[in-house]
Amino acid sequence: DTGVSQNPRHKITKRGQNVTFRCDPISEHNRLYWYRQTLGQGPEFLTYFQNEAQLEKSRLLSDRFSAERPKGSFSTLEIQRTEQGDSAMYLCASSPRGQGSYEQYFGPGTRLTVT
Amino acid sequence: GIQVEQSPPDLILQEGANSTLRCNFSDSVNNLQWFHQNPWGQLINLFYIPSGTKQNGRLSATTVATERYSLLYISSSQTTDSGVYFCAVLNYGGATNKLIFGTGTLLAVQP
């Protein structure tokens, strides 16, 4: 069983450009999460999907951020008009369906640098 | 919201030494996970341990949910154990599924 995968692994962009990241969860995991981690800090929650429904969004997710999971499988996170403060590691995680199965498994992350 | 505190913030060990990392949380939780973040940023699952004790090789963990803390034990440390250790908790009774992470313990194991 393959783990969570994320693409690209690294992204360097100029301020003001739009970027999109992709996450493929572990197969048959119906829950998918996005987190953001800045240097020296623990990951912070951004948003949560159950199947294709986006059920929770953090206040960290400004209007420039949008996430989708159109068919309940892979997910994309788009940042519009990037700012230097968006530089961070963006982590995706998934967890299996069913009550009591809340263990989250993380992908390798996408490291974004905004110049 | 739930607060998660980890101690110590930094730890330097000689190879072969043992250590204990602590995680305190401010409210009842349904999920507690320990992770090791390697130098490339990958979060590796160590334990899913909302309560009780588990062991995996040189690592073991204990969570005392009623007293709101968890401990991670590393025995006979190796240089490959270096990295940041995170504790993360979740209380899905509040209709949320987000993990709340502590600030981590940075471990350096010297040969």
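Structural notes, computed from the coordinates.

Rules used in this analysis
Residues numbered from 1 in each chain as written. Chains lettered and ligands numbered in written order. Predicted model: local features only at pLDDT ≥ 70, side-chain atom pairs only at ≥ 80, totals over all residues. Heavy atoms only, no water. Pairing = 2+ DSSP bridges. Helix = DSSP H or I, 4+ residues; strand = E, 2+ residues; numbered from the N terminus. Axes fitted to C-alpha atoms, helices over the stretch in contact; angles between N-to-C directions. Salt bridge = Lys/Arg side-chain N within 4 Å of Asp/Glu carboxyl O. Buried < 20%, exposed > 50% of the residue type's maximum accessible area, 1.4 Å probe, protein only. Disulfide = S-S within 2.5 Å.

## A short note on the sheet that holds strand 7 (residues 65-68) of chain A
Residue and element names in this part refer to chain A.
Piece 1. Spatially, 1-3-8-7 is the arrangement adopted by the four strands of the open sheet, whose pairing is antiparallel. Two strands close off the open sheet at either side, each with one partner strand: strand 1 (5-7) and strand 7. Geometrically, the sheet is characterised by an average inter-axis angle of 15 degrees between neighbouring strands, direction not taken into account.
Piece 2. Of the strand pairs in this sheet, strand 1 and strand 3 (residues 19-24) are connected by three bridges, and their pairing is antiparallel. Looking at strand 3, one finds that Asn 7 is bridged to Arg 22.

## Quick notes on the pattern of salt bridges
Piece 1. Applying the stated criterion across every chain, the model contains four salt bridges over all chains.
Piece 2. Here Asp 86 of chain A makes a salt bridge to Arg 64 of chain A, at a shortest N to O gap of 2.8 Å. Taken as a pair, Asp 86 of chain A in the loop between strand 8 (75-79) and strand 9 (88-95) and Arg 64 of chain A in the loop between strand 6 (53-57) and strand 7 lie far apart in primary sequence, 22 residues in all.
Piece 3. Using a relative accessible area of 12% as the deciding quantity, one classes Arg 64 of chain A as buried.
Piece 4. Note that Arg 58 of chain B and Asp 81 of chain B form a salt bridge whose closest N and O atoms lie 2.9 Å from each other. Of this pair, Arg 58 of chain B sits in the loop between strand 6 (52-56) and strand 7 (59-64) while Asp 81 of chain B sits in the loop between strand 8 (69-74) and strand 9 (83-90), and the two are 23 residues apart along the sequence.
Piece 5. On the accessibility criterion, Arg 58 of chain B (26% relative accessible area) is partly exposed.
Piece 6. In this structure, a network of salt bridges that share partners links the residues Arg 64, Glu 83 and Asp 86 of chain A.

## What about the state of the cysteines?
All names here are of chain A.
Piece 1. A complete count under the given rule lists two disulfides over all chains for this structure.
Piece 2. Note on cysteine connectivity: Cys 23 is disulfide-linked to Cys 92, with sulfurs 1.8 Å apart. Every disulfide takes its handedness from the sign of the S-S torsion; for Cys 23 and Cys 92 that torsion is -65 degrees, giving left-handed. Linking Cys 23 in strand 3 with Cys 92 in strand 9, this pair joins segments that are 69 residues apart in sequence. Cys 92 matches Cys 23 in its accessibility class, with the two residues each being buried.

## Digging into the pairing of strand 7 of chain A
Residue and element names in this part refer to chain A.
Piece 1. Taking every second residue as pointing to the same face, the buried face of strand 7 carries Phe 65 and Ala 67, while none of Ser 66 and Glu 68 on the other face is buried.
Piece 2. Where strand 7 meets strand 8, four bridges bridge the pair, whose relative direction is antiparallel. Looking across to strand 8, one finds that Phe 65 is bridged to Ile 79.
Piece 3. Here strand 7 folds back onto strand 8 in antiparallel fashion, the turn holding six residues, of which Gly 72 has a positive phi close to 75 degrees.

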